[in-house]
Structure formats: structure tokens, C-alpha cells
Amino acid sequence: MPRPHATRIFVVANQKGGVGKTTSTVNVAAALAQLGQRVLVVDLDPQGNASTALSVDHFQGTPGTYEVLVEGMPVADVVVPAPEVPGLDVVPATIDLAGAEIELVSVVAREGRLQKALRAHPRVGDEASAGENRWDYVFVDCPPSLGLLTINALVAGQELMIPIQAEYYALEGLGQLLKTVDMVRAHLNPDLAVSTILITMFDARTRLSSGVADEVKAHFGDQVLRTYIPRSVRVSEAPSYGQTVITYDPGSPGALSYLEAAREIASKGASL
């Protein structure tokens, strides 16, 4: 795939848990890396699931997003390569991050800490400022809440990717997320766009899945990717081996769907 002219910073958020948010972050990131892109994943969830899936250490005390947000450490000092996926780098998250929201309460400009840290990195920017070695994509994996960590991500990002599972409660709670996005746009980051809706856990055999997909499309139109991610045991299994499904079982329907979704994201960006 052709590289974008400048780093595209995606925030992957949905305050509803269990929608395939982290799974989608790591698999789309790994798929883009396989397609020749340079990708950074910023794990902003204290559970550190994205770090686990990318086989990166995140035991307590490992330098990562906590040090960047709370202590002002440069991203360059905490970024590590994902051992299984060439071209993919990771900023890990540790359980220390769970206390970050409280520690940041009294900090000046606390909502912009991540934005400031990412912009200061020499590999974030366009061809002129960051050169050939720039990251093409940055994915920020948010915790399942709308607290200060997610606000930091929304302020730092340019594009929002929302994974929505093809189940009955799919659109419930989404209004709150979109309200938060509008608030961030109005006061902190006017450039934030809801660019990508990814339907996950799709079961083609059920009318429910198709019905939910149609409803999501009616709401969001062209923002919804044509590729749906099927419900898949392989996708769920992969993290227990410290892998994404892209490396764990490249020929599985889940891996092929994420690869196709990544292609779609890349080609959509080319037309922006």
C-alpha cells in the first residue's frame, strides 16, 4: 500500500467493554505493518491487553504510557519493537496507569499530555518534518471508559475508530461517546474526525447481526467499513500466545478480514 503523506493518528475507543476494541487495534496495526506501513501502538489501557497481544513486557515498573503521561518522559524512551511483527512499535501500558487519572487531576493542561508527547517525537509528522523514517499510523488503544485517559487520546488523535459489535446492545452508550467527541472538538481538538466504524463479532448466519449492521450503516453511512470482522475462535485465541491473529493463523477468516479492513483504512486515507 502507498504510505500516507503524514502520520495518521487513530484513537480506538468505545466505553462499552467487550466490543473487540483492543483486538481490532492490534490486528489492524499488525495488518498495516504487513502491508509495508510503519506503525506505532500506544497502549492506554491499564490492563495492558494490547501489550500482551503484541508480546511486549508490561509488568509493573516497565516504562510505558504511565511515565509519558504522569512523569513527562519522552515517547522515544519507552517505545519498543513488537518482536513478532516487523515494522510495528509499541508503547506498553502497566497497571501503574490505573492511578494516572487521579495523579493527573491537579496537573496543568492535563488533557493534552499525550498530544504533546506524540508531537514531540521525531517520527511523527509529514514527509518534510519527519522524513522517510516517520510512522505512517499511530493507534491509541483506550480503556473502556470516558475518563481522563480517553480524553487524552481524543485530544492527541486526528481520527476516531469505533469498533461496534454486531449484537443487540451495539448502539447503546454510543451517544455518550459521540457527545464526548463533540465536547473535545469544541474545546480541545477541532481536527478530530469520526472516520472509521468497524463492525466486529459479525455472524453471517443470524438475522440479528445483519440487522445491527444495517442500523449502524443507517447511522454512520460511509464511515462504516465494508469489511466486517467475523466472530472467530482464532481471533480470541491468538493473544494467549502473545500474538495477533495476523501472525497466529494468517489464513483464517479473522486474519483475512482484518487485512482487508486495514487495506480499506489505508485506501480511504489516500482519498482524504
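Here the structure is shown first, and the text comes after it.
We now turn to the structure provided with this report. Bear in mind that the values here come from a model prediction, so they are computed numbers and not experimental data. (Residues numbered from 1 in each chain as written. Predicted model: local features only at pLDDT ≥ 70, side-chain atom pairs only at ≥ 80, totals over all residues. Heavy atoms only, no water.)

### Thoughts on the sheet that holds strand E5 (residues 137–141)
Short version of the rule: Any two strands are treated as partners once DSSP identifies two or more bridges connecting them. Under the DSSP-based scheme used, a helix requires at least four consecutive residues in state H or I and a strand at least two consecutive residues in state E, with every element numbered from the N terminus. The criterion used for residue contact is that any of the two residues' heavy atoms lie within 4.5 Å. To obtain an axis, a line is fitted to C-alpha atoms, over the contacting stretch when the element is a helix, and the angle between two such axes runs from 0 to 180 degrees between their N-to-C directions.
The strand order E3-E4-E2-E5-E1-E6-E7 describes an open sheet built from seven strands, whose pairing is mixed. Bordering the open sheet on either side are strand E3 (80–81) and strand E7 (193–200), each of which pairs with just one other strand. With four bridges connecting them, strand E2 (residues 39–43) and strand E4 (residues 88–91) associate as parallel partners. Note that in E4 the partner of Leu40 across the bridge is Asp89. Across the sheet, helix H1 (residues 21–34) lies against strand E1 (8–12), E2, E4, E5, strand E6 (159–165) and E7, angled at about 165° from E5, the strand it touches most. Contacts from helix H8 (residues 174–187) reach E6 and E7, with the element oriented near 175° to E6.

### Describing unusual backbone geometry
Quick note on the threshold: Burial classes follow relative accessibility: with a 1.4 Å probe on protein chains only, a residue under 20% of its type's maximum area counts as buried, one over 50% as exposed, and anything between as partly exposed.
For Ser55, which is not glycine, the phi torsion reads 60° and is therefore positive. Structurally, Ser55 is set in the loop between helix H2 (49–53) and helix H3 (65–71). On the accessibility criterion, Ser55 (34% relative accessible area) is partly exposed. Despite not being glycine, Ala109 shows a phi value in the positive range, around 50°. Note that Ala109 resides in the loop between helix H4 (100–104) and helix H5 (113–119). Look at Ala109 and you get exposed, because its relative accessible area is 53%.

### Side note on the packing of aromatic side chains
Short version of the rule: Stacked, tilted and edge-to-face are the three classes applied to pairs of Phe, Tyr and Trp rings, where Trp contributes its six-membered ring and a pair requires centres within 6.5 Å; stacked means planes under 30 degrees apart, edge-to-face means over 60, and tilted covers the rest.
For the coordinates displayed, the defined rule picks out six aromatic pairs. Taken together, the ring pairs connect Phe10, Tyr137 and Phe139 into an aromatic cluster.

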